[in-house]
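Survey of secondary and tertiary structure
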Amino acid sequence: MITTNPFDDDKLHEECGIFGVYGHSDAAALTALGLHALQHRGQEATGIVSFDGKTFHTHKGIGLVGDTFGDRAVIERLPGLSAIGHNRYSTQGEPMMRNVQPLFADFESGGFALGHNGNLTNARHLRRELVRRGCLFQSTTDTEVIIHLAATSTAPTVTERMIDALRQVEGAYALVALTNEAMIGVRDAMGVRPLVLGHLDGAWILASESCALDIINAKLVRDIEPGEVVVISADGVQSLKPFLPRASRFCIFEHIYFARPDSNLSGQSVYEARRRIGAELAREAPCTADIVVPVPDSGVPAAIGYAAEAGIPFELGITRNHYVGRTFIEPAEHIRHLGVRLKHNANRLILSGKRVVLVDDSIVRGTTSTKIVEMVRAAGATEVHMRIASPPTTHSCFYGVDTPERSALLAANHSVEDMARIIGVESLAFVSMDGLYRAMGRTARSANQPQFCDACFTGDYPIPLLDQEEGDTARQLSLFRQIA
Ligand code: SF4
């Protein structure tokens, strides 16, 4: 069994999901459920750290949450009223057990567990400095940089050490930490990555998305604000604003694709935002066709919006198999082209003889789009028009999302007309940047001060890419190799 590439879904991938509970007798079990609801944000590995008032307990595993935490005996080995957990999809750091979070360190003043969603853009620089000063890194993740900075800080409390550490890092991050005294949640000063606060039976919850609150029946209290540090302890929730304020730049791709459609981010329903993007697309790029068909699952809400606005029937002309998993026996060369059918299959009864508008959320390399279009034509469609519910993805993300190199992004190297020819469609159109912002409830994108991070469409990176600027793009951070 090997990890495949032929069946790659050709999407950008969110790197991580985080979750935490403070003050509940079922803290670890609730954390496992929350991580399960956040599985879409990372499927490579998962971990939980709990605290029973005296000792920290941890369990981690490679693979899905259900495989690692499905056994009651495992949860029973994670006692305590507080717990934090993490789902990982790695880009920073190799896929191995020593990189699975939450990471843990013993400080003079007590234990410190940390889970991180995002990416630090000066981590390599800081890591080199710390290694020079004698720090011994155990993992190859950028998250460990925060732990070493906190460990070497002279601030008196763990919370202050963490803040001291965060003042030295650049990047996009949402963090959940657990100490002897408190659970701490933090968002970077621009609030690029999401984090919400919830409440359940007197307990406080932190989660990457509100769908993880729903699964445990917790109430959404509010988003953690950009640059906010919440310290949740026996004294309640204390909100700190220790960083220089910066204009908020939430990741717009969370609304387009990453977040679950049943989540609510920055006061907006993700599902409704996607439907509105589809309606904008129908106004901007109308099409004469018989049916609107989504590329499931991510294209569904935008296709519903497109179909309703255009007055064209919506049909589920492609079915997605949800049980593909991330590993599969790699097929022989001569049947490799069938790989896409592991995940998607066209419904001939619906597509045959029809002019089809295919709606998808984005085009990354274009490989899957090409195969899906071939499949739809083979099922008898007479015309295929593609409509994309995001602007062309022309730049890589350095803020915690797995993106191919720029050279591999189809839109970075081809005009829309060329892309239409490569993918094999009669017409191709993307929602405009202003259309996207209108769907988010803004009048247009403000060029001087964009309201979201949209760097993968514009190249306008709101947080400095310090390691990149220093020419440090090396992937190898350690000479040590662990056999997974
Ligand atoms: S570059 Fe794109 S994917 Fe990355 S944070 Fe910004 S909007 Fe999100």
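Scroll up to find the structure this text is about.
Residues numbered from 1 in each chain as written. Predicted model: local features only at pLDDT ≥ 70, side-chain atom pairs only at ≥ 80, totals over all residues. Heavy atoms only, no water.

1. Some words on the nonpolar core
Rule in force here: To qualify as a nonpolar core, a set must consist of buried Ala, Val, Leu, Ile, Met, Phe, Trp, Tyr and Cys residues joined through side-chain atoms within 4.5 Å. Burial classes: relative accessible area under 20% of the type maximum marks a residue as buried, over 50% as exposed, and values in between as partly exposed (1.4 Å probe, protein chains only). Helix and strand definitions here come from DSSP, where helices need a minimum of 4 consecutive H or I residues and strands a minimum of 2 consecutive E residues; each element is numbered from the N-terminal end. Contacts are assigned to residue pairs that have any heavy atoms within 4.5 Å of one another.
Formed by 47 residues in total, the largest nonpolar core has its most connected members in Phe 253 and Leu 436. Elements that contribute at least two residues to this core include exactly strand 16 (250-251), helix 8 (252-258), helix 9 (270-284), helix 10 (300-310), strand 23 (355-360), helix 15 (433-439), strand 27 (452-453) and helix 16 (455-458). Ignoring sequence-local partners within four residues, the contact set of Phe 253 consists of Leu 12, Phe 258, Ser 362, Thr 393, Cys 456 and Phe 457. One finds Cys 135, Ile 147, Leu 175 and Val 229 within the second-largest nonpolar core, a separate group that totals 31 residues.

2. Structural notes on the pattern of salt bridges
Going by this rule: The working definition used for a salt bridge is a side-chain nitrogen of Lys or Arg within 4 Å of a carboxyl oxygen of Asp or Glu.
Tallied over the entire structure, the rule returns 22 salt bridges. For Arg 132, the salt bridge goes to Glu 129, with nearest N and O atoms at 3.0 Å. Separated by three residues within a single helix, Arg 132 and Glu 129 lie in helix 4 (residues 123-132), roughly one turn from each other. Classification of Glu 129 by relative accessible area gives partly exposed; the value is 33%. Here the salt bridges share partners, and the residues they tie into one network are Glu 280, Arg 283, Glu 284, Glu 309 and Arg 438.

3. Things to note about the sheet that holds strand 24 (residues 383-388)
Basically, it comes down to this: Two strands qualify as a pair provided that DSSP identifies no fewer than 2 bridges between them. Angles shown run from 0 to 180 degrees and are taken between the N-to-C directions of axes, each axis being a line fitted to C-alpha atoms and, for helices, limited to the stretch in contact.
Pairing is parallel in the open sheet, where four strands are placed in the order 19-23-24-26. Each edge of the sheet is formed by a strand with only one pairing partner; in this case those strands are strand 19 (291-294) and strand 26 (427-430). For this sheet, the mean inter-axis angle between neighbouring strands, taken without regard to orientation, is 20°. As paired strands, strand 24 and strand 26 are joined by four bridges and run parallel to one another. The residue bridging Arg 387 from the neighbouring strand is Ala 429, located in strand 26. The strands that helix 14 (residues 416-423) touches are strand 24 and strand 26; relative to strand 26, the one it contacts most, it runs at about 130°.

4. Things to note about the packing of aromatic side chains
What counts is decided by this rule: To pair, rings of Phe, Tyr and Trp, with the six-membered ring standing in for Trp, must have centres within 6.5 Å; the planes then decide the type, stacked if under 30 degrees apart, edge-to-face if over 60, and tilted in the middle. Here, a charge over a ring is recorded when the distance from Lys NZ or Arg CZ to the ring centre is within 6 Å and its angle to the ring normal is within 35 degrees.
This structure, assessed with the given rule, holds nine aromatic pairs. Relative to Tyr 461, the ring of Tyr 399 has its centre 6.1 Å away and its plane inclined at 75°; by these criteria the two rings are edge-to-face. With Tyr 399 in the loop between strand 24 and strand 25 (401-402) and Tyr 461 in the loop between helix 16 and helix 17 (466-469), this residue pair connects regions lying 62 residues apart in the sequence. Residue Tyr 461 is classed as partly exposed on the basis of its relative accessible area of 22%. Note on Tyr 437 and Phe 452: the rings are 5.5 Å apart at their centroids and 75° apart in plane angle, and the pair reads as edge-to-face. In this pair, Tyr 437 is assigned in helix 15 and Phe 452 in strand 27, connecting sequence segments 15 residues apart. Comparing Tyr 437 with Phe 452 shows no difference in burial state: the two are buried. An aromatic cluster is built from Phe 253, Tyr 257, Phe 258 and Phe 457, whose rings are joined through pairwise contacts. Residue placement shows Arg 127 over the ring face of Phe 137; its charged tip is 4.3 Å from the ring centre. Of note, Arg 161 hangs over the ring of Phe 107, and the distance from its end group to the ring centre comes to 5.8 Å.

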